[in-house]
Amino acid sequence: MAEVTLVKAVNLALARAMEEDPDVLVLGQDVGVNGGVFRATEGLLERFGERRVRDTPLAELLICGASVGMAAQGLKPVCEIQFAGFIYPALDQLANHASRLRTRTRGRMTCPLVLRTPAGGGIHAPEHHSESIEAFLAHVPGLKCVTPSTPERAYGLLLSAIRDPDPVVFLEPTRLYRLAKGPVEDDGRGLPLGRAFVEREGADVTLVSWGGAMWESRAAADRLEGEGAGVELIDAASITPFDEDTVLGSVRRTGRLVVVHEAPYTGGFGAEVAARVAERALDRLLAPVERVTGFDTVMPLPKLERDYLPGVERIAAALRRALASD
Amino acid sequence: MPNVPTDPAPDLPVVARFEIRRRRYLDENGALMRPLPDSLAAPESITPLYRAMVLARTLDAKCVALNRQSRLGTYATAYGQEAVPIGVASAMRAGDVLVPSYRENAALIWRGVGIDEVLSYYAGSERGSDWAGPAHDFPTSITVGGHALHAAGAAYALQYRGEARAVACVFGDAATSKGDVYEAFNLAGVWRLPVVFVITNNRWAISTPLAKQTASETLAQKGLAAGIAVEQADGNDVVAVHEAVRIGLDRGRSGGGATLVEALTYRLADHNTADDARRYRDPAEVRAHEHAEPVGRVRRWLESVQAWSDARQAELEAACSAEVEAGVEKLFGAEPEPPSVIFDHLYAEPSAELARQRDAGLRAIAAEREAKRRG
C-alpha cells in the first residue's frame, strides 16, 4: 500500500469523489492552475476541467455563500478557504444559511457542501494563518466538523464528508500536511463521521486530542509508556457529532482524562469533553480532568508559536499529574 | 447632476464611459409612454398581473389586521411596491429559480406557493416552506443580502448542468450596502452567470433614507463595476419591471450573463408591523408618492382601453378577499405541530447526542406544558 502525506490523501479523496459523482466540484482561491497553496487540489483541473475545478475571486463570504446556493440546487460543492483564520466572513453563511437550510425548509432543500480549510499552527506562517477554530463551529447546530490526524483518516473522512447529505467543515491540520505520512488505499472507502479512533489502548489514563495536537499527544503517550503508564490515546476526529461513547467508555475504565487541543482554553471544545465526563462519568474519575490547550491569547507570530502550542512536555506533565492522583 | 468631482486634468484620455437607462411604459396616470412590449401588448396579458397585484394588496391588508389582533407575527407588507414581485414573477418561467427577500410573498404566490404556506412562516412555523410550489425556489431570506450569493451559486448549478434556466433574486436598496451583494455581482460577472438581481429601491431601510445609504447616483451603477448588464426600471410600472427582468432572464438563459435591474419604487407603508414610520418620515413625503403607486395606474390604463370596469373591479376585489380568507382559514385550521419538529429537520440523520436531547427534551417540554396547563 502506498505511503502518502496527509495533503496527498486529501488530494486522492477529492479526485475519487469527483470521479464517482459528477455533481461534486471544487472551488476556492487558487485551487485550479495552482493546485491550491498546499497542493491539495493539484492535478484536478487537468483531470476534471474548469467546470468542476473553479478558481474564485478572493472573497471567503462569496466562496461559502455561492456554495450554499449550489448545494441547494443539488450540486456537492467542496469549497476551500485558504486558511482557517480567514473563515470568519464565511461563518455568517455557515451559521445563518448552510446549517439551517434543511430546518428552514423542513427538508425540501438541503445543503450538502463541504468547506475544507487548513487549520492550526506550527508552520511559521503570517498572522491569521494559524488559528484553531473548531469551537466556533461546534456551537453551530446543523453543521458537522471533522478534523483528521493521519492520511488514512483524511482520505476516509473527507470521502464521507463529501457524501454526507449535510454541511461539513473539514479542518485539515496544516502542520501535518507533509509531516504525517502513512498508508492509504485509494479504494473509495469512507470512514464514518462521528466516530473517534482509539489509536492505542491503555489502562491508566485516557488522552483525547484531535487535529495537529495529535502529533504531540502521540509523542507524550510514547514517553509515558516508557515510564510504565498505560495511555489510551483517542483521536476524536469528529468534533461534531462528538463520539462521546468512546471517550466515556475509556474514561470509565481508566478513571483519568487529559484533553489536548491547540485552540484557546476558555470555551474550547475541551471544556465540552470535560463537561460531558463530569455529567456522565464523574463517579468513575480518580483524578481531576486535565486540559492542555493554547492560551487565552492571540495566536503568537512564528517566533513564539511553538511556545503557544501544547508541547510534549506540557502534555506529559498533565498525564503525570492525572496519574499521580487517586 | 453627478456628485463626483470632475477630473482636474481634462487632457487625460477617457478609457471608459458608462450610462444608465430607465425603462418606463405606463406613467402615473396610466398613460403609455412608449409601445408596450410584445409579451404584454394585449390587455388580456396585463389583467393577470393586475389581479395579482390586487391580491397582494388584499393579502397584505389582511396580514396587518391579523398582526394587530396578535394572530400573526411581525409582517412586512409590499404596499405600494406590488409591481416588483409581480413584475419579477410574471417574467419568470416555472423552471427558473426565485431567491426572494421578505417583500416577495406575492411572487411566491404567483409561482404556486399557497397563501397558507407563505403565511405559516409569519405565524411562527417553517412548515409552509416545504411548499407545494416550485421545489427549487429558495425560502424567503430574512438576512439582508446574504441570499444574493445563494442566487449566484444556484445560477452556477444551472450553468453547470447546461440547463436553459435562470435565477431571479430580489433584495432592497439597503442590501446594496453589503459586501455579500457586491461579491455576488462580482461572481456573476466573472462567471457570466444566468442570474437577474433585482433591487427593490423603495428609498427607505427602516428609518434610513437612501441618501444615508449611499452617495451613488443610482443603485444600478453598482453593477457596472462587476461587468454585468444594468438598467433602471420604474418599479411602480409592472410592465417595466416585467420586461426588464424578462430580458435579463433571456440573457442569462442564452449564455449572455448576469443582469442587474434597479426597480425604483417607494415604501408607502411602515417597514413592517413592528415599525412606526411617523417617528422618522414626513407624512407629506409619503403623500407625494401616493399617486405614483403601481396598482391604480394599471387600472387606469385598462379602463382607457375599455378592458376594465367597475363591475369587474368589484368582482376582482370579492374574489381576492375570498382567496385570502380561504388561505387564512387553512393556515389557522392546520393541526398544531408537535415540538419534535424542533429536532427532526436539522440533519438527515440525528447524531446520538441529538437523539438523546430529543428524547429528554420532549419529556421536559411535555412536563412544562402540563404544569402550565394546570396553572
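Cut-offs used in this document
Residues numbered from 1 in each chain as written. Chains lettered and ligands numbered in written order. Predicted model: local features only at pLDDT ≥ 70, side-chain atom pairs only at ≥ 80, totals over all residues. Heavy atoms only, no water. Domains from an automatic or database assignment. Core = buried A, V, L, I, M, F, W, Y, C linked by side-chain atoms within 4.5 Å. Buried < 20%, exposed > 50% of the residue type's maximum accessible area, 1.4 Å probe, protein only. Helix = DSSP H or I, 4+ residues; strand = E, 2+ residues; numbered from the N terminus. Contact = heavy atoms within 4.5 Å. Buried area = accessible area lost by both parts, 1.4 Å probe. Salt bridge = Lys/Arg side-chain N within 4 Å of Asp/Glu carboxyl O. Polar contact = N/O pair within 3.5 Å; in protein donor to acceptor, adjacent residues only side chain to side chain. Nonpolar A, V, L, I, M, F, W, Y, C, P; charged D, E, K, R; others polar. Pairing = 2+ DSSP bridges. Axes fitted to C-alpha atoms, helices over the stretch in contact; angles between N-to-C directions.

Student: For this particular structure, what's the right way to read the domain arrangement of chain B?
Tutor: Often, the extent of an interface is quoted as the loss of accessible area on bringing the components together. On domain assignment, one finds that chain B holds domain 1 (22–333) and domain 2 (341–374). The straight-line distance from the C-alpha centre of domain 1 of chain B to that of domain 2 of chain B is 38 Å.

Student: Would you take a moment to explain the nonpolar core for this structure?
Tutor: One broad rule of soluble globular proteins: the nonpolar side chains tend to lie buried together. Leu94(A) and Phe197(B) are the most contacted members of the largest nonpolar core, which totals 85 residues. Ranked by residues supplied to this core, first place goes to helix H5 (residues 146–160) of chain B with 10 residues. With sequence-adjacent residues up to four places away left out, Phe197(B) is seen in contact with Ala148(B), Ala151(B), Cys169(B), Phe171(B), Ala184(B), Phe185(B), Ala188(B), Ile228(B), Thr259(B), Leu260(B) and Val261(B).

Student: Is there a simple way to explain unusual backbone geometry in this structure?
Tutor: Trans peptide bonds make up most of the peptide bonds, and negative phi angles are found at most residues other than glycine. In this model, Thr240(A) is joined to Pro241(A) through a cis peptide bond whose omega is -5 degrees. Relative to the assigned elements, Pro241(A) resides in the loop between strand S12 (238–240) and helix H9 (244–254). In this structure, His128(A) takes a positive phi of about 70 degrees despite not being glycine. Inspection of the secondary structure assignment puts His128(A) in the loop between strand S5 (114–119) and helix H6 (134–138). Judged by relative accessible area, which is 42%, His128(A) ranks as partly exposed. Even without a glycine there, the phi angle at Gln306(B) is positive, about 55 degrees. If you trace the backbone, Gln306(B) turns up in the loop between helix H10 (294–304) and helix H11 (310–333).

Student: Before we go on, may I ask you to explain the interface of chain A and chain B in this structure?
Tutor: Across the boundary between the two partners, chain A contributes 48 residues, which contact 40 residues of chain B. Area buried by chain A at its contact with chain B is led by Arg104(A), Arg106(A) and Arg108(A), which between them contribute 25% of it. Residue Glu353(B) pairs with Arg276(A) through a salt bridge whose shortest N-O separation is 3.8 Å. For the pair chain A and chain B, the number of links is 23 residue pairs in polar contact (both at pLDDT 80 or more). Secondary-structure elements contributing two or more residues to the side of chain A that touches chain B are strand S2 (24–28), strand S3 (53–55), helix H3 (60–72), helix H4 (88–98), helix H5 (101–104) and helix H10 (269–281) of chain A. It is H3(A) that contributes the most residues to the side of chain A that touches chain B, 8 residues altogether.

Student: What is the right way to read the domain arrangement of chain A from this model?
Tutor: All names here are of chain A. Domain boundaries assigned for chain A yield domain 1 (3–183) and domain 2 (197–324). Computed from C-alpha atoms alone, the centre-to-centre distance between domain 1 and domain 2 is 26 Å. Contact with domain 1, which involves 28 residues of that partner, is made by 28 residues of domain 2. Summed over both sides, the interface between domain 1 and domain 2 buries roughly 2,200 Å², with carbon and sulfur atoms accounting for 56% of that surface. For the interface between domain 1 and domain 2, the tally reads 4 salt bridges. Put simply, Arg153 and Asp235 hold a salt bridge, and the shortest N to O gap is 2.7 Å. Linking domain 1 to domain 2 there are 15 residue pairs in polar contact (both at pLDDT 80 or more). Tallied by class, the residues present in the side of domain 1 that touches domain 2 amount to 13 nonpolar, 9 polar and 6 charged.

Student: Help me understand the side chain of Asp21(A), please; the structure alone is not making it clear to me.
Tutor: All names here are of chain A. The residue Asp21 is located in the loop between helix H1 (6–20) and S2 in this model. For Asp21, the side chain forms a polar contact with the side chain of Lys76, separated by 3.4 Å. Setting aside residues no more than four positions away along its own chain, Asp21 makes contact with Arg52 and Lys76.

Student: Help me understand the sheet that holds strand S13 (residues 257–264) of chain A in this model?
Tutor: Adjacent strands of a sheet pair through backbone hydrogen bonds, lying either parallel or antiparallel. All names here are of chain A. Across the sheet, 5 strands lie side by side as S9-S11-S10-S13-S14; this open sheet has mixed pairing. Of all the strands in the sheet, the pair left with one neighbour each is strand S9 (197–200) and strand S14 (290–294). Between one strand axis and the next, the sheet turns through 25 degrees on average, direction left out of account. Relative to S14, S13 is paired through 4 bridges, and the arrangement is parallel. Following the sheet pairing, Val260 is matched in S14 by Val292. Set on the sheet, helix H12 (residues 312–324) makes contact with strand S10 (205–209), S13 and S14; between it and S14 the angle comes to about 165 degrees.

Student: Help me understand the sheet that holds strand S8 (residues 259–264) of chain B, please; the structure alone is not making it clear to me.
Tutor: All names here are of chain B. Spatial strand order, S1-S7-S8-S4-S3-S2: 6 strands in an open sheet with parallel pairing. Each end of this open sheet is capped by a strand with a single partner; those strands are strand S1 (22–23) and strand S2 (97–99). Against the sheet, helix H6 (residues 179–190) contacts strand S3 (167–172), strand S4 (195–201) and S8, and its axis sits at roughly 150 degrees relative to S4. Packing against the sheet, helix H8 (residues 238–253) makes contact with S1, S3, S4, strand S7 (229–234) and S8, and its axis sits at approximately 160 degrees to S7.

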